[in-house]
Each structure stands twice: as structure tokens, then as C-alpha cells.
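Summary of structural features
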Amino acid sequence: MDRNSIIAHIPRLRRYARLLTGDAHRADDLVQDTLERACIKWQLWQPGAEPALQLRAWLFTVMHNLFVNQVRGKAYAARRDAVSMDDIDIEGPVLDPGVRLDLERALRQLPADQLEIVLLVALEDFSYAEAAILINVPIGTVMSRLSRARKRLAELMDGVVPTKVSRPQLKVMK
Amino acid sequence: MTMMTEDDLHALADGRLGPERRAEVETWLAGQPEARAKADAWRAQNDALRALAREALDEPVPERLIAALNPQRQRWLTAVAAALVASVTMSAAGWFGHAWYAASGSSGSVVFAAKRFARDAMAAHVVYSPEVRHPVEVAAAEQQHLVQWLSKRLGTQLKAPLLQAQGFDLVGGRLLPGDNGARAQFMYQNAGGERVTLYLSAMPKNATTIPTAFRFENNGPVSAFYWIDRDLSYALSGDLQRSRLLQLSELVYTQLGG
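All values derive from a computational prediction rather than experimental measurement. (Residues numbered from 1 in each chain as written. Chains lettered and ligands numbered in written order. Predicted model: local features only at pLDDT ≥ 70, side-chain atom pairs only at ≥ 80, totals over all residues. Heavy atoms only, no water.)

1. Concerning the overall build of chain B
Going by this rule: Helix numbering and strand numbering both begin at the N terminus, where a helix is a DSSP run of H or I of at least 4 residues and a strand a DSSP run of E of at least 2. Burial classes follow relative accessibility: with a 1.4 Å probe on protein chains only, a residue under 20% of its type's maximum area counts as buried, one over 50% as exposed, and anything between as partly exposed. Only the protein chains shown count as cover for residues, and all accessible areas are computed by the Shrake-Rupley method using a 1.4 Å probe.
Helices and strands together make up the secondary structure of chain B, namely ten helices and seven strands. For chain B, the residues scored as buried account for 49% of the 258 residues in total. A total of about 12400 Å² of accessible surface is found on chain B, and carbon and sulfur atoms cover 55% of it.

Below, the structure is given as C-alpha cells:
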């Protein structure tokens, strides 16, 4: 395994994990576990036509599997309801701080399976087919989760729904 | 033309349609304002998501993550890293203080840490200063209790500066979360209803403290001056002219540092 090619993916893994867990420290714990796991399992990864893309997808798969297992144990997700000011970057050309806070809050209220899909597709720009392979569900499930996630996010951003909602347990798909 | 489905709208918003299908969908949407609005809203959602957590892409990668890629060494390195993190946490250091001192060899992360502290302060200002009913957790009427409580939680003796000379009265304060330690916010208001907030974080107990100059940061209408003095880092935020904000910052510095 080429160590440097993995290092190049770390910033994106960190960003994704930060939005997934809602907490910068927890996110880095998840990234660290992912990298350690990747080192142990790297023989299972077979580079194909586009090694860079595939390595990225594989790293996200490793992270997904760890996250799903940990969500059940609540290790990474325990603080998803809390808004930590440290996780909010208010610089940037697009969002004003208020919208940013609302969006952060809305993400934390999405069920974990919906949050993952929306981050993989919208943030990480994986295709629907790649996302389906990555989280090991049929593509139809990707589309229906994406649809639910987008509607829910839109509702949350409009303030239609009260801020406290119960989050269903993440179902593990085998 | 084949049937349009909601999947086409998702694919359009995500830029996943081929040119032909895209043209078909766009044509169809011309007569479907509701569906058009939906696809546009989803695209805007994507843009907003990409604007979040962008700082993670620019931050230096922490050593412990690089170390995690070295299978022979990772076990003990992980243990050492965990011990370090624990000791930093135990010393009640804010993440800011930790990065400022522990990483003093790397100017990039120092600047980043300081800016991030200022941004945290401004974010907290933006959230709480417009509040009408609950701008603070503890009101100025209970000032002694307020200051004692915040001091205890930050692990260092605080003082609420007096800004009446500049027309600002203490409204109260609140405790806010930091990554590794609590932060305090004091809120002040003048007769015109303008509010400024003073945001504080404790520095590591054993840190060699180097006082800094006032640094300035702004985001839209809100600006902040921030600095370090002895065992605390400070940021004063407000929607004020830079010169007025600087005057107030100097007043705070003089009172608390003197």
C-alpha cells in the first residue's frame, strides 16, 4: 500500500467525519480508527482502472463500516445532538453564520443513514452506484434515503419541524 | 421522451445526467415550476453542504493520524497520543491554548488556532446577541455568582470588566462548550441597544504565556479583536466600527491585565 496516497485522502476523510459525527475530536478518532483499520486490511483492497478514486471509495467504505458499528455502540455519535461552537467555521463565501448554524443543527437531526447518503453524494460527490456499493445497499435504497434526507433537511431548514426529534436506530444492512 | 421520475431531479441537482437526458429533463421542467424549484433547492443544499467544515481541508493533518498509517508503530504511538490528549485535557487547556503552545513550531496551525478562536467568539456573538428573552444564562444582577460560576468552570479567576465609561452595561454571561474546556461569554449592552460580547478561554496552566497584540477578524457585520493575556485568551465581538471596538478592547485589556 502506498502510504502517501492515503495521506492525500486524510483531509477529506476528516471533513466528512466532522459533519458525520458533529464533533471535531470524535471525527479525528473515527479517521484514526479508519486509517488503522485500512492498514490492517489493505491486502483486501484491489486497485482497478482508476486507483485514486477506488482507494478513496474504499477508505470511505472502511469508515462507513466503523461508523455503523460504532453508532450501535454510540461511541462516535453520542454528542450529535449537541451543537459545539468549535465545529462551526463561519468563514467562507457562501453561507452566513446563521444559515451555517441552522444547517449544522439540521444535519445533527437527520437519521444517521440519511445523513451518510447526503454527505456521500452531495459533499463527497460519489455517484449513486458508488454510494450503493460503499454502504452495501441496493441503489434503490440510496435513492429513497437521499430523497427522504433532502426533504427532511429542507423541512428542518425552514423551521417547520420542532428542533428536538427522536432519532431512529440505524438499521444495519447485511 | 421517457418518463420523468424524482430520481431525474436528484440526478439533475447532483450533476449526474448525461447531456441528452439533461436537456430532456430541463425541457420538461420548464412547464413544471414546482419540480424546478425542488431541483434548484437541492442543488442549493449541495452547495451549502460543501461550504460546511471546509476548514478541515486546510488544517494540517494531526500527527496521530499520520502515525496511524504505520502499523508497526501505531499501537504504542496511539497509546502515547491518547496519554498526551488526556494530559492536555486534564490541564483544562482549551484546544486553542493547546495548539498555540504545543504546536508553536508550526506557524500555520498557530494562526489557524487563533483565527478559529476568534471565529468561535463571533459565532457565539451571532447566536446569542440577538436574543431578546434569553441573551444570557445568568443576569448581571447576580454578578458575583456569575463570575464565580464561570471562574470555576474555566478553572481560573475571571473578572467581568466594567465598560460603563464607554456606555456599555453588563447584561450577564453564559458558559459555552469548547473542544477541551469551557468558554465564557460576557454580554454588554449600551443605551442604543447595541451589544458586544467578551469571549474567554483559559490557557494551559503550565504554558509560558506570551502576550499578543490585538488581532482583528471580521465576518460580515460582526468583527472581533482577540488577544492573549496571562492565562486567558480573549475575544471581544460586536457589530461596531473597528475604532470603537478597539477602544473597548483596550479598556478590557487595561482593566483585566493591570
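Now, onward.
2. Thoughts on the packing of helix H6 (residues 112-123) of chain A against helix H7 (residues 128-135) of chain A
All names here are of chain A. The condition is simple: Here, axes are lines fitted to C-alpha atoms. For helices the fit covers the stretch in contact, and angles between N-to-C directions go from 0 to 180 degrees. Reported orientations rely on four angle classes, namely roughly parallel under 35 degrees, roughly antiparallel over 145, roughly perpendicular from 65 to 115, and oblique for the rest. Put simply, a crossing is left-handed when the front helix is turned counterclockwise from the back one by less than a right angle, and right-handed when it is turned clockwise. Contacts are assigned to residue pairs that have any heavy atoms within 4.5 Å of one another. Residues are grouped as follows: Ala, Val, Leu, Ile, Met, Phe, Trp, Tyr, Cys and Pro are nonpolar; Asp, Glu, Lys and Arg are charged; all remaining types, including Gly, are polar.
Between H6 and H7, the least distance of the axes is 10 Å, while the angle of their chain directions is 135 degrees. The pairing of H6 with H7 is recorded here as oblique in orientation. Here H6 runs over H7; the crossing is right-handed. For the pair formed by H6 and H7, the contact residues are Glu116, Ile117, Leu120 and Val121 on the first element and Tyr128, Leu134 and Ile135 on the second. Its residues assigned to classes, the contact of H6 with H7 comprises six nonpolar, no polar and one charged.

3. A word on the interface of chain A and chain B
Rule in force here: Here the quantity called buried area is the total loss of accessible area, with a 1.4 Å probe, experienced by two parts when brought into contact, counted for both. A pair is scored as a salt bridge if a Lys or Arg side-chain nitrogen falls within 4 Å of a carboxyl oxygen belonging to Asp or Glu. N or O atoms within 3.5 Å of each other form a polar contact, as long as, within protein, one can give a hydrogen and the other can take it, and as long as residues adjacent in sequence are counted only when both atoms are side-chain atoms.
Tallying the contact residues gives 55 residues for chain A and 51 residues for chain B. Here chain A and chain B share an interface that buries about 5100 Å² over both sides, 57% of which is from carbon and sulfur atoms. Between Glu59 of chain B and Arg18 of chain A there is a salt bridge, with the nearest N and O atoms lying 2.8 Å from each other. Connecting chain A to chain B are 16 residue pairs in polar contact (both at pLDDT 80 or more). The set of elements that each furnish at least two residues to the side of chain A that touches chain B consists of helix H1 (3-7), helix H2 (10-21), helix H3 (24-41), helix H5 (97-109), H6 and helix H8 (139-158) of chain A. Considering every element that reaches the side of chain A that touches chain B, the biggest residue donor is H3 of chain A, with ten residues. Residues that form the side of chain A that touches chain B fall into these classes: 32 nonpolar, six polar and 17 charged.

4. Quick notes on the confidence of the model for chain A
All names here are of chain A. The criterion, for reference: Per residue, pLDDT captures the predictor's confidence, and it can take any value from 0 to 100.
For chain A, the average pLDDT comes to 77, and 68% of its residues sit at 70 or higher. Across chain A, the element-wise mean pLDDT spans from 80 in H1 up to 94 in H6. Ignoring residues within four places in sequence, the model shows residues 160-169, a span with pLDDT below 50, making 16 contacts including any to other chains.

5. Looking at the sheet that holds strand E5 (residues 215-219) of chain B
Residue and element names in this part refer to chain B. To keep it simple, the criterion reads: At least two bridges found by DSSP between two strands is the condition for calling them paired.
One open sheet accounts for seven strands, arranged E1-E2-E3-E4-E7-E6-E5; its pairing is antiparallel. Sheet topology places strand E1 (138-139) and E5 at the edges, where each strand pairs with a single neighbour. In this sheet, strand E3 (residues 182-189) lies alongside strand E2 (residues 169-177) in antiparallel orientation, the contact comprising eight bridges. When the bridges of E3 are listed, Leu170 appears paired with Tyr188.

6. Some remarks on the packing of H8 of chain A against helix H3 (residues 33-51) of chain B
Across the interface, H8 of chain A lies against H3 of chain B with an axial gap of 11 Å and an inter-helix angle of 80 degrees. In terms of axis orientation, H8 of chain A runs roughly perpendicular to H3 of chain B. For the pair H8 of chain A and H3 of chain B, the contacting residues are Arg150, Lys151, Leu153 and Ala154 of chain A in the first and Lys38, Trp42, Gln45 and Asn46 of chain B in the second.

7. Here we look at the packing of aromatic side chains
Selection rule: For Phe, Tyr and Trp, rings pair up if their centres lie within 6.5 Å, where Trp contributes its six-membered ring, and each pair is then called stacked (planes under 30 degrees apart), edge-to-face (over 60) or tilted (otherwise). Put simply, a charge is over a ring when the Lys NZ or the Arg CZ is close to the ring centre, within 6 Å, and near the line of the ring normal, within 35 degrees.
Going through the model one piece at a time under the given rule, you end up with eight aromatic pairs over all chains. Judged by centre distance (5.3 Å) and plane angle (75 degrees), the rings of Phe60 of chain A and Phe126 of chain A are edge-to-face. Of this pair, Phe60 of chain A sits in helix H4 (residues 51-73) while Phe126 of chain A sits in the loop between H6 and H7, placing them 66 residues apart in sequence. Here Trp227 of chain B and Tyr234 of chain B contribute two aromatic rings whose centre-to-centre distance is 5.2 Å and whose plane-to-plane angle is 10 degrees, an arrangement assigned as stacked. Tyr234 of chain B carries the same exposure label as Trp227 of chain B, and that label is buried. Taken together, the ring pairs connect Phe214, Phe216, Phe225, Trp227, Tyr234 and Tyr253 of chain B into an aromatic cluster. Sitting over the face of the ring of Phe126 of chain A, Arg56 of chain A holds its NZ or CZ atom 4.2 Å from the ring centroid. For the cation-ring pair, Arg242 of chain B lies above Phe216 of chain B, with the distance from its terminal atom to the ring centre recorded as 4.1 Å.

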